[in-house]
Amino acid sequence: MNRADVEEKELDSPVSIEVSSGAQTTLGHSKSPQTAKMEALQAQAPKRRSVALNSFWNLAGQTSPLLLAAFAIPVLIRQLGVDRFGVLTLAWILVGYLGLLDLGIGRATTKLLAEQIALNNSQAAARLIGTAIFSMMLLGTCLGALLAAVAPWLSHSALKIPLALQSEASRSLYSMAIAIPFVTLASGLRGMLEAQQRFGVVNLLRVGLGVTTYLGPLAVVPFSQHLVPVVLTLVVARLISCGLHFWFCKRYIPTFSQRIAWDHSSFLELLGFGGWLTVSNIISPIMVYLDRFLIASLLSISAVAYYTTPFEMITKMWVVPMALVGVLFPAFSENLAVNNHTRASSLYEGGVGSVFILLFPVTLVVMLFAPEGLHLWLGADFARRSAPVLQILAIGVFINSLANVPYALLQASGRPDLTAKLHLIELPCYAGLLYGTIRIHGIEGAATAWAFRVCVEAAILFFLTKSVVHRSLTPRLTVSIAGGSAVLLVASIMAGLLIKIFFLIVSLPLFCWLTWWWTLSDFQRLRVRSWFKMTPLFR
C-alpha cells in the first residue's frame with residue numbers, strides 16, 4: 001500500500017474519532033479519567049466555526065483593499081508629489097511598526113482568553129481582559145510619547161527630507177503619535193475577538209481600516225496637498241477603528257470587562273507567552289523597513305518612493321502564504337500533539353507545494369513584464385527606476401513565501417525561540433550588507449540585499465525544520481522549486497516584448513504539465529480530481 005492509500009484511509013477511517021483538542025480515542029476502549037475530564041470541558045466550550053471559513057475571512061480581509069490601493073497610489077503620487085508621498089509612506093510604516101511593539105500581548109491575549117472561554121472561567125477571563133486593556137493603553141501611550149520625542153530629529157536630521165517639507169513632516173509625525181495608543185489598544189481588542197472566533201467582524205474592521213487608509217488621503221488631496229490634513233485622516237480612521245473594536249468586544253464577548261484593571265498573575269501570563277514572539281515582532285519589522293530609512297538617509301526621500309512602490313506592490317503576494325499558513329498552523333499543532341507525524345509531513349509538503357504552484361505563475365509574469373507594467377501604471381520615469389527593483393524583490397518574495405510554511409511548523413512544534421534567535425543573528429548582518437549595497441548600487445542594491453537575506457533565511461528555516469522537527473521535502477518538490485527559481489532568473493534577463501510573450505506561452509503549459517506529472521504526488525492528484533468532480537462544470 002503506497003503512502004497515498006494510507007493517508008486516504010486515515011482520513012476516511014470509521015475506527016477513530018477526532019476531538020477538538022487533537023487527541024484521538026478508539027471506539028470500544030475505556031476512557032481514562034483525564035480523557036473524560038477533557039471531553040467534559042469540550043462539551044462546555046462554545047462551538048467554533050470551521051478553519052476553512054475563518055481562513056476565507058482572513059483572505060478576504062487582506063485582499064479587499066488591494067484594488068483601491070492600486071488606484072489610489074498613482075493619484076496620491078501625482079497630487080502630493082514624489083517627496084510628499086515618500087513622507088506619507090514613512091508615516092504609514094511608523095504607525096504600523098509601533099503598533100506591532102505590543103510585547104506579544106495581542107497574540108497572547110488571543111491564546112489565553114480562548115483557554116479561559118473554553119474552561120468557562122469567566123472570572124479569570126474578566127481579569128485577563130482588564131489587564132490586557134490596561135497594558136495595551138500604557139504601552140501605546142509610551143510608544144506614542146517616544147514617536148513625539150523623536151519627530152523633530154527624524155524630520156530635520158535623520159532623514160533627507162527637503163527643507164520645505166521638514167515642518168510638514170514634523171507636524172505629521174506628531175499627529176501620528178496621537179494614534180499610537182489607539183493602534184495598540186485595537187490590537188489587543190482584535191485578539192479578544194479572535195479568541196471568540198469572530199473572524200468575520202475582525203476582517204470587516206480590517207477592510208474598513210484598509211479602505212480609509214487610502215480613501216482618506218484621496219478625499220483630502222483635491223482641497224489640500226499639505227501633509228498634515230492628509231495624515232490626520234489616518235489618525236481619525238484609527239480612532240474610529242479602535243472604538244468599533246471596543247464596541248464589538250462589548251457585544252460579542254460575554255466576559256468583556258470595561259473596567260481597567262491590573263492583575264499581576266494575568267500580566268505575567270501575557271508577558272511570558274509573548275516573550276520570544278516579542279523578539280520577532282520587534283526585529284522582523286525592522287528588517288522589513290530598515291531599507292527605506294537607510295535609503296532616505298543615504299540617498300533621497302524621492303528614492304524612497306521609487307523603492308517603496310514596487311515593494312508594496314509585490315509583497316501583496318504574501319496574502320497567499322499568510323492565508324494558507326493560518327490554516328496549516330493549527331493543523332500542524334494538532335497532528336504533532338497526537339504524534340501523527342505522517343500526516344504532519346504530508347501537510348508540510350502539501351503546504352510548500354501549494355505556495356509554489358500558486359505563486360510561480362504570478363512571479364513569472366512579474367519578472368517578464370515588470371518594465372511594461374510599471375510604465376502603464378506609473379509612467380516611464382517610474383518604470384526606468386523601479387522595474388529592476390521590482391524584479392529583484394519578486395524573487396525574494398517568492399522564496400520568502402515558501403519559507404512561511406517551515407516557519408509555521410517550527411512555531412507549532414513549540415520552538416519559537418529558534419526563529420527569534422535567527423532574527424537576532426540576522427539583523428546586524430543584514431544592516432551592514434544593506435548599508436554597503438545602498439552606498440554602491442542605490443535602490444537596486446537595497447533590493448538585492450533584502451532578497452539575499454530572505455533567501456538565506458529560507459534555507460536556514462528549511463534546514464531547521466529538517467533537523468529539529470524531522471520534516472523534509474521530497475526530492476521531486478525540491479527539484480521543482482530549484483528549477484522554477486532558475487526559470488524566474490532567466491525571465492528577468494529577457495528583452496523584447498514578443499520574446500517575453502513567447503517565453504510565457506511556452507513556460508506556463510510546461511509548468512502545468514510538470515506540476516501535474518512530476519511535482520504532485522499520487523494522493524494530491526487524486527484530491528485534485530475529486531475537487532473537479534465536485535464542480536458542476538466538470539461533471
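Along each chain, the written sequence defines residue order, and numbers are assigned to residues from 1. In keeping with the model being predicted, local features are shown solely for residues with a pLDDT of at least 70 and side-chain atom pairs are shown and tallied solely at 80 or more, while totals for entire chains, interfaces and linings include all residues. The side-chain values count all of the structure's non-hydrogen atoms but skip hydrogen atoms and water molecules.

**Some thoughts on the overall build of the chain**
Numbering of helices and strands runs from the N terminus, with a helix taken as a DSSP run of H or I at least four residues long and a strand as a DSSP run of E at least two residues long. Broken down by element type, the chain carries 20 helices and two strands. To sort residues, take the accessible area from a 1.4 Å probe on protein chains only and compare it with the maximum for the residue type: under 20% means buried, over 50% means exposed, and anything in between is partly exposed. Out of the 539 residues in the chain, the part that is buried amounts to 49%. For the chain, the proportion of contacts with a sequence separation of at least 24, taken over those separated by at least 6, is 80%. Residue burial considers only the protein chains on display, and all accessible areas are found by Shrake-Rupley using a 1.4 Å probe. Accessible surface computed for the chain: about 25,200 Å², of which carbon and sulfur atoms make up 68%. Working rule for contacts: check all heavy atoms of both residues, and any pair within 4.5 Å makes them a contact.

**As for helix α8 (residues 163–195)**
Expected helix span is given by 1.5 Å per residue-to-residue step, counting one fewer step than there are residues. Along its 33 residues, α8 runs 48 Å from first to last C-alpha, staying within 8% of the 48 Å computed at 1.5 Å per residue. Most pronounced at Ala-179, the bend in α8 amounts to some 35 degrees, and the proline Pro-181 follows within four residues. Take the seven residues that end at a residue and the seven that start at it, fit an axis to each, and the angle between those axes is the bend at that residue.

**Quick notes on the side chain of Arg-238**
Here Arg-238 is to be found in helix α10 (residues 227–252). The side chain of Arg-238 is buried and forms no salt bridge, while Glu-312, the nearest opposite charge, is found at 11 Å. In this view, Arg-238 contacts Val-95, Ala-179, Phe-182, Val-183, Leu-209 and Thr-213; residues no more than four positions away in its chain are not counted. We treat Lys and Arg as the positive residues and Asp and Glu as the negative residues; His and chain ends play no part in the count. Between Lys or Arg on one side and Asp or Glu on the other, a salt bridge is scored when a side-chain nitrogen of the former is within 4 Å of a carboxyl oxygen of the latter.

**Topic: empty space enclosed by the protein**
Cavities and pockets were defined on a 1 Å grid built from protein atoms only: a cavity is a group of points that admits a 1.4 Å probe but offers it no way out, a pocket is an open group of points flanked by protein on both sides within 12 Å along at least five of seven lines, and a lining residue is one with an atom within 4 Å of any such point. Grid points are joined across faces, edges and corners, and a volume is the space filled by probe spheres set on the points. This model, assessed by the stated rule, comprises two cavities of 30 Å³ or more. Estimates place the volume of the largest cavity at around 60 Å³. Every residue along the wall of the largest cavity is listed here: Val-87, Leu-90, Ala-91, Leu-94, Leu-154, Leu-159, Ile-161, Ala-169 and Leu-173. Contributions of two or more residues to the lining of the largest cavity are made by α5 (82–100) and α8. Among the elements that take part in the lining of the largest cavity, α5 stands out by supplying four residues, more than any other. We call Asp, Glu, Lys and Arg charged. Ala, Val, Leu, Ile, Met, Phe, Trp, Tyr, Cys and Pro are nonpolar, and the rest, Gly among them, are polar. In terms of residue class, the lining of the largest cavity is made up of nine nonpolar, no polar and no charged.

**Overview of the pattern of salt bridges**
For the coordinates displayed, the defined rule picks out ten salt bridges. With a shortest N-O distance of 3.6 Å, Lys-316 and Glu-312 are connected by a salt bridge. On the accessibility criterion, Glu-312 (25% relative accessible area) is partly exposed. In this structure, Arg-384 and Asp-381 form a salt bridge, with 2.9 Å as the shortest nitrogen-oxygen distance. In this pair, Arg-384 and Asp-381 are both assigned in helix α16 (residues 380–412), three residues apart and thus about one turn of the helix distant. Assessed through its relative accessible area of 58%, Arg-384 is described here as exposed. The structure contains a network of salt bridges with shared partners spanning Asp-291, Arg-292, Glu-312 and Lys-316.

**Overview of the environment of Leu-154**
Looking at the secondary structure, you find Leu-154 in helix α7 (residues 122–158). Each C-alpha atom of the pair Leu-154 and Ser-170 lies 7.8 Å from the other, and the pair is 16 residues apart in sequence. Beyond its immediate stretch of four places on either side in the chain, Leu-154 contacts Leu-94, Leu-147, Leu-159, Ile-161 and Leu-173.

**Brief notes about the packing of aromatic side chains**
Here the aromatic set is Phe, Tyr and Trp, taking the six-membered ring for Trp, and pairing holds for ring centres within 6.5 Å; pairs whose planes are under 30 degrees apart are stacked, those over 60 apart are edge-to-face, and all others are tilted. As enumerated under the stated definition, the model contains 13 aromatic pairs in all. Taken together, a centroid distance of 6.0 Å and an interplanar angle of 5 degrees make the contact between Phe-248 and Tyr-252 stacked. Separated by four residues within a single helix, Phe-248 and Tyr-252 lie in helix α10, roughly one turn from each other. Residue Phe-248 is classed as buried on the basis of its relative accessible area, which comes to 13%. What makes Tyr-252 partly exposed here is its relative accessible area of 21%. Seen from their ring centres, Tyr-307 and Phe-311 are 6.1 Å apart, and the 25 degrees between their planes marks the pair as stacked.

**Some remarks on a nonpolar patch on the surface**
Patch criteria: residues need more than 30% relative accessible area and no salt bridge. Like-charged residues are merged within 9 Å; nonpolar side chains of Val, Leu, Ile, Met, Phe, Trp and Tyr are merged within 5 Å. A surface patch of nonpolar side chains, amounting to about 620 Å² of accessible area, comprises Val-479, Leu-510, Trp-513, Leu-514, Trp-517 and Trp-518. Take Val-479: it is sitting in helix α18 (residues 475–492). Judged by relative accessible area, Val-479 falls into the partly exposed class, the value being 48%.

**Focus on the confidence of the model for the chain**
Values of pLDDT, which run from 0 to 100, indicate the predictor's confidence residue by residue. The predicted model of the chain has a mean per-residue pLDDT of 79, with 79% of residues at 70 or higher. For residues 1–30, every residue scores under 50 in pLDDT, and the model assigns this stretch 37 contacts once sequence neighbours within four places are set aside. Ignoring residues within four places in sequence, the model shows residues 34–49, a span with pLDDT below 50, making 21 contacts including any to other chains.

**What to know about the packing of α7 against α8**
For the pair α7 and α8, the least separation of the axes is 8 Å and the interaxial angle reads 165 degrees. With respect to each other, α7 and α8 are oriented roughly antiparallel. The element α7 and its partner α8 pack so that their crossing is right-handed. For the contact of α7 with α8, a count of residues per class yields 21 nonpolar, ten polar and no charged. As a rule, the C-alpha atoms of each element are fitted with a line to give its axis, helices using only the stretch in contact, and angles between N-to-C directions run from 0 to 180 degrees. Oblique is the label for any angle not under 35 degrees, not over 145, and not in the 65 to 115 range, which are roughly parallel, roughly antiparallel and roughly perpendicular in turn. Helix crossings are classified by the rotation of the near helix relative to the far one: an anticlockwise turn of less than a right angle makes the crossing left-handed, while a clockwise turn makes it right-handed.

**Remarks on the nonpolar core**
Grouped together as the largest cluster of nonpolar side chains are 117 residues, with contacts concentrated most on Leu-88, Tyr-307, Phe-332 and Trp-450. Broken down by element, the residue count for this core peaks at 18 residues, all from α16. Among the buried residues, those of types Ala, Val, Leu, Ile, Met, Phe, Trp, Tyr and Cys that are joined through side-chain atoms within 4.5 Å form a nonpolar core.

**Some details on the environment of Val-469**
Looking at the secondary structure, you find Val-469 in the loop between α17 (416–468) and α18. Accessibility expressed as a relative area gives 9% for Val-469, which makes it buried. Considered as a pair, Val-469 and Leu-409 are 60 residues apart in the sequence and their alpha carbons are 8.0 Å apart. Leave out the neighbours within four places in its chain, and Val-469 touches Leu-409, Leu-410, Ser-413 and Leu-464.

**What to know about the environment of Arg-127**
When you line up the elements, Arg-127 lands in helix α7. Distance in space between the C-alpha atoms of Arg-127 and Asp-263 is 6.4 Å, their sequence separation being 136 residues. Once residues within four sequence positions are removed from consideration, Arg-127 is found in contact with Asp-263 and Ser-266.

**Concerning unusual backbone geometry**
Positioned with a positive phi, His-470 is a non-glycine residue whose angle comes to about 60 degrees. Residue placement: His-470 occurs in the loop between α17 and α18.

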